[in-house]
Amino acid sequence: MRSERRLIKAVQHALARGPISQEALLVALAQAGVRTDSSAIYIACATHGLADLQGDTWIPRDWAAPAVETALAPPAQRPAESAATRKALAEVRRLAASIGISMEEPVPPIGPVPDSWPRIAEQAARALHEELRAVTDKRTLQDVPLNSGLVVADTTTRKLMRFEAEGDLGVAEGAQATLVVDGVPLDVEVVSVFGNVVTLAIPPSATVPAEALLRCDLSWLLSAQSKRLRELVQGGPGFNAEAAVAILDSGHEPAPQELPDIAVDRLNQGQRHAIQLGLTPGVTWLWGPPGTGKTTTIGTLVAQLCVRGSRVLLTAPTNAAVDVAVRAVLEVIPELAGGGLVRLGQPSDTALIGRSEGHVLIDEIAAKRGEVLARKRVDEGRRNRDLRDRLKDLGRRHASLTEEEQVLRLAWERDLADSTALLRELDESLQLVRRQVCRDAEVVAATSHQVVLGTLRELTFDVVILDEASMTTTALALLVAGAGSGHTIVAGDFRQLPPVVVAETAQARQWLRNSPFEKSAVDAAVGRGVAPGRLTALTKQHRMRQDINAVVSAAFYPENPLISAETISARPRSSRAAWADGELLLLDTSRIGARTARKQGMSSRYNLMHAQLVAGLLAQAGSELTSLGIISPFAAQARLLESLLPDSEQEAWAASTVHRFQGGERDIVVYDTVDSGIGVRPLHRWFTEGESGGDGARLLNVAASRARDHLMVIAALDRMHRQRTSRDAVWRFFATLLERGRVVPWEEALDNEVTQRVTGDVITLMRDDLAEAGSVEMWLPRAPLVGLHPLIASLKLIAEQDVQTEPVTIWVEPDPDGYLSAEALEAKRRGLNIRPCLPILESSAVIGDVVWTATGSLLGPDPGVVLRTRHPAFADAVRRAQRRRPGTAPGSGQLGDECGRCERTLVRFEVGRCGLPTVGYGCPTCDRGAGRQVADHSIARERQPSRRR
């Protein structure tokens, strides 16, 4: 640890003046007395977010050239060129000229820079830097195991592959990552993340793996945005700072006196007004609550702008949202396909790949236009790899090379230098082709963060549209708006989910936690009943049936009541389930006492009993249930719910988090709130911050408004509603739900063969399950474990089947002094793997394919309500959620360490601090106070070595 800290400090000192070459950095470290190699430097820089390696140069994170120099610098000049570079450049220029591509790009003029811009850019960049630091401190680099790899689309430019992730991804769509296949790294892009299913874009020639590791750098987008803002403090080529500032102070501009006439059909009055306002110069705010046709409005608006000769940049924060907008535009003006509309990045909608009606993806359009260059790139890449392989073979026996081989080696090295230079020029030319494709397009669609990256950098547009702007940080919105002329449309719903931010600083809240709606005070003006003049609000919704609309409108849109379209009442109910006998349903779990726990004892929350009730509901669903969404606020619960979906219904049925489901809809929606107030405490702020515009209200709004025909909410109503002291938006939601809906007894979810309530002899039935099982994991809260003794013989039979993997792990909660119950001590003496843990929030057992839960201690004298669910995929998902991994403390499937002094089994401590547990392990007797405070993991490392029992 000391040597690592010394390395980090030395690297930071060497990077203080800016970028430095790999060789120079090694020299600087050697002069500082730090002996290391390039691999150790890479790990330190990547893990601690110090710098990024570009070519052979380390670029400090959040570094940019001085802003004044950037603004005044002449067009970029090439460095001194070698003979190989000059030769390669000449060949590439000849090829590029043959297809009409210039190797010298025009430098756009510097846009206007108002006096307020430098301060704004500095503050926003500082906020991004603080978020970068917070993300880096949390986890910058992580490896997530992936399995079940499947190719879902295959083109000449990319393969799209889906994997199931075995851990928390915590990575944004569009992020660059590394896929490690059999130790070989591969650059990939994260296309989408739904629950624990991730879609990646990989090179077309890559091997298709069934299993791999995904290495995610969670900070590069923040670094790119911060760096770009610092470059633009004094303005810059192709950037209109005046347009950027306009989205901050235009929330109260008056409406234009005259609006243009438009000839469009199929739109209601609100949508027509939005288009008319959006056609006028300035900043237009389009408020589109759920189901009100915001996407249709944007599609028609883009078509009208194109008719008027405007070039449009269409952005949204996620790939899925961009794809929806692209399809809306193509529906109105399909002739844009083939180059008029260009979609950057990797789509989550595979229907946009290889369209027979005309290509829209930039890689497909650029590949066709730059075919000569692309073909040359493929051939030269193959030659380059061949030369490297030949030299590698010679390198293995460099000391014994003959004279002829030495001559051959020199010739190959020269050829490799020429080839590498040619590849570099070809790559640059292909990037120029992509940029030219964007210049020639009428509409460019991309995720918001791509505006700061290479392809769109310094390109300008007549009109900029920020869709789903409520999920876009103000800092990023500034960069997007600055790509335009000041004619900007900011569309979204500030009553739905905000941007996700880690940092808690004032700057981060101001520039990142706030979307443009909040930063410009548009939302505050609406709350006061004084709508800005350039705000247009859509009110007629086409999704939710009357009762669902009523509860959503009353709770979250009192200033802008939603009106149901006439067509909704006449719409047939195409999806049915026996329990969905009303539009509003509330499955109240207050009387069960279901427990809320944390995934792997540390992170996201889950509730096994709630998931078991959902399993029962799905088991009762017949063939008429054709459109179902099961959503939860917590990723851990979403993954449990996802495991319940049958393979045959993977397209029609979906399970995900609320955040991932924003923008989606289903005929029937089941919303599992998870939190019960039992186990993990207190309730999450999503349920306590219920004021209008607060996180709790926004999340509940998104969850409820996904439903078209039926909405079922699973909640412990006592904690969620009856005990609330303020009559805020969340209170209004549940009050209206109770008034207009039906309360479903939780027992109704148990009339099936999947989940049953066990009211008879628990031990006998559990012994039957053990007879069929190959593994067991139990979590037993503190109690006299009277049911453990009669199961010992059955548990020993399983344990003895495989002594290498420890198939039986029984976690038990000791008393505060660390003493185990008599029953647990007996089981330990008889050879079972007994693991102490404080506290234990779960009360469960996973026995083979069967999941058991109880409201009391499962094997105690009063287990309370006991549920049993037989479902192989669910049982496997529960194991992953509960499994404690090795590292800070030994995990499931491992024997516990013993104290080196008193020989008692060490206790794992999961002690809450600031809402999250700090995990460690120690001996409550020898490490005094360990039962009352967090057992720091250094305890185990600094004391004398422990023994295995």
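Structure's up top.
What counts, and at which threshold
Residues numbered from 1 in each chain as written. Predicted model: local features only at pLDDT ≥ 70, side-chain atom pairs only at ≥ 80, totals over all residues. Heavy atoms only, no water. Helix = DSSP H or I, 4+ residues; strand = E, 2+ residues; numbered from the N terminus. Buried < 20%, exposed > 50% of the residue type's maximum accessible area, 1.4 Å probe, protein only. Contact = heavy atoms within 4.5 Å. Areas by Shrake-Rupley, 256 points an atom, 1.4 Å probe, with all protein chains shown as cover. Pairing = 2+ DSSP bridges. Axes fitted to C-alpha atoms, helices over the stretch in contact; angles between N-to-C directions. Salt bridge = Lys/Arg side-chain N within 4 Å of Asp/Glu carboxyl O. Phe/Tyr/Trp six-rings, centres within 6.5 Å; stacked < 30°, edge-to-face > 60°. Lys NZ or Arg CZ within 6 Å of the ring centre and 35° of its normal. Core = buried A, V, L, I, M, F, W, Y, C linked by side-chain atoms within 4.5 Å. Polar contact = N/O pair within 3.5 Å; in protein donor to acceptor, adjacent residues only side chain to side chain. Expected span 1.5 Å × (residues − 1). Parallel < 35°, antiparallel > 145°, perpendicular 65-115°, else oblique. Left-handed = near helix turned anticlockwise from the far one by under 90°. Nonpolar A, V, L, I, M, F, W, Y, C, P; charged D, E, K, R; others polar. Arc of directions from axis to C-beta.

Draft legend 1. Up close: the overall build of the protein. Helices and strands together make up the secondary structure of the protein, namely 32 helices and 37 strands. With 949 residues in all, the protein has 58% of them scored as buried. Sequence-distant contacts in the protein: of pairs separated by 6 or more residues, those separated by 24 or more amount to 75%. For the protein, the accessible surface area stands at approximately 39300 Å², while carbon and sulfur atoms represent 50% of it.

Draft legend 2. Just the sheet that holds strand β11 (residues 312–316), in detail. A sheet is described by the order of its strands in space; here 7 strands give the open sequence β12-β13-β11-β14-β15-β10-β16, paired in parallel fashion. Unpaired on one side and paired on the other, β12 (341–343) and β16 (535–537) mark the two borders of the sheet. Within the sheet, the average angular offset between the axes of one strand and its neighbour, ignoring direction, is 15°. Against the sheet, helix α15 (residues 474–481) contacts β11, β14 (463–466) and β15 (487–492), and its axis sits at roughly 155° relative to β14.

Draft legend 3. Region of the structure containing the pattern of salt bridges. Here the structure, examined in full by the defined rule, presents 41 salt bridges. A salt bridge links R830 to E826; its shortest N-O distance comes to 3.8 Å. Three or more residues are tied together by salt bridges with common partners; here these are R543, E665, D667 and R708.

Draft legend 4. View of the pairing of strand β3 (residues 57–60). Looking at chain direction, strand β1 (residues 20–21) and β3 are connected through 2 bridges and run antiparallel. Bridge pairing in β3 links S21 to T57. The pairing of strand β2 (residues 51–54) with β3 spans 4 bridges and is antiparallel. Residue pairing across strands places L53 opposite W58, the latter belonging to β3.

Draft legend 5. The packing of aromatic side chains, seen in detail. This model, assessed by the stated rule, comprises 9 aromatic pairs. Taken together, a centroid distance of 4.5 Å and an interplanar angle of 25° make the contact between W287 and F494 stacked. Note that W287 is positioned in strand β10 (residues 283–287) and F494 in the loop between β15 and α16 (506–513), a separation of 207 residues in sequence. Residue W287 is classed as buried on the basis of its relative accessible area, which comes to 2%. Residue classification places F494 among the buried positions, given a relative accessible area of 1%. Summarising the aromatic geometry, the rings of W287 and Y557 are spaced 6.1 Å apart at their centres and angled 40° between planes, so their arrangement reads as tilted. Taken together, the residues span a long stretch of sequence, with W287 in strand β10 and Y557 in the loop between α19 (546–556) and β18 (563–564) at a distance of 270 residues. The same class applies to W287 as to Y557, namely buried. The cationic tip of K519 hangs over the ring face of W511; the distance from NZ or CZ to the ring centre is 4.2 Å.

Draft legend 6. Representation of the side chain of E131 within the structure. Topologically, E131 is positioned in helix α6 (residues 117–139). When its relative accessible area of 5% is taken as the criterion, E131 is described as buried. Those residues in contact with E131, other than ones at most four positions away along the chain, are L222, V501, V502, A503 and L512.

Draft legend 7. Fine view of the nonpolar core. One finds W117, L456, F733 and F734 to be the most contacted residues of the largest nonpolar core, which totals 114 residues. Per element, the largest residue contribution to this core is 10 residues, and it comes from α6. Counting 46 residues, the second largest nonpolar core, distinct from the first, contains A577, L641, W746 and V851.

Draft legend 8. Region of the structure containing the side chain of E910. Mapped onto the secondary structure, E910 falls in strand β35 (residues 907–913). Side-chain polar atoms of E910 contact the side chain of R908, separated by 2.6 Å.

Draft legend 9. Examining the sheet that holds β1 more closely. Here we have 3 strands laid out as an open sheet, ordered β1-β3-β2, and antiparallel in their pairing. With one partner strand each, in any of the chains shown, β1 and β2 form the two edges of the open sheet.

Draft legend 10. A look at helix α27 (residues 729–740). When the terminal C-alpha atoms of α27 are compared, their 16 Å separation across 12 residues agrees well with the 16 Å that a helix rising 1.5 Å per residue should span. Residues A729, V730, W731, F733, F734, T736 and L737 constitute the buried set of α27. Where α27 is buried, its residues meet α19, β19 (584–588), α25 (695–704), β25 (707–715) and α26 (717–722). With a side-chain oxygen positioned 3.3 Å from the backbone nitrogen of V730, the residue opening α27 is D728.

Draft legend 11. Here's a closer look at the packing of helix α10 (residues 294–307) against helix α11 (residues 319–332). Two elements in contact, α10 and α11, have axes whose closest approach is 8 Å; the angle formed by their N-to-C orientations is 55°. Between α10 and α11, the angle is such that the two are oblique. Where α10 crosses over α11, the handedness of that crossing is right-handed. Along its contact with α10, which presents T295, G299, T300, V302 and A303, the element α11 presents V324, A325, A328, V329 and V332. Considering only residue class, the contact of α10 with α11 consists of 7 nonpolar, 3 polar and no charged.

Draft legend 12. View of unusual backbone geometry. A cis amide bond links R681 with the next residue in sequence, P682, at an omega value of -10°. Mapped onto the elements of the fold, P682 is located in the loop between β24 (666–672) and α24 (685–688). The peptide bond linking L838 to P839 adopts the cis configuration, its omega dihedral lying at -15°. In this structure, P839 sits in the loop between β30 (834–838) and β31 (844–847). A positive phi angle, close to 70°, is found at E458, a residue other than glycine. Within the element layout of this structure, E458 appears in the loop between β13 (443–447) and β14. Phi is positive for Q600, which is not a glycine, with a value near 55°.

Draft legend 13. Main features of the environment of V614. Relative to the helices and strands, V614 resides in helix α21 (residues 608–620). Exposure remark for V614: the relative accessible area of 1% places this residue in the buried category. Discounting chain neighbours no more than four positions away, the residues touching V614 are I630, L641, L644, V670 and I714.

Draft legend 14. Representation of α16. When α16 is considered as a whole, its buried residues turn out to be Q507, A508, W511 and L512. Summarising the axial view, the buried residues of α16 lie within an arc of 95°, below the 170-degree limit, and thus occupy one face.

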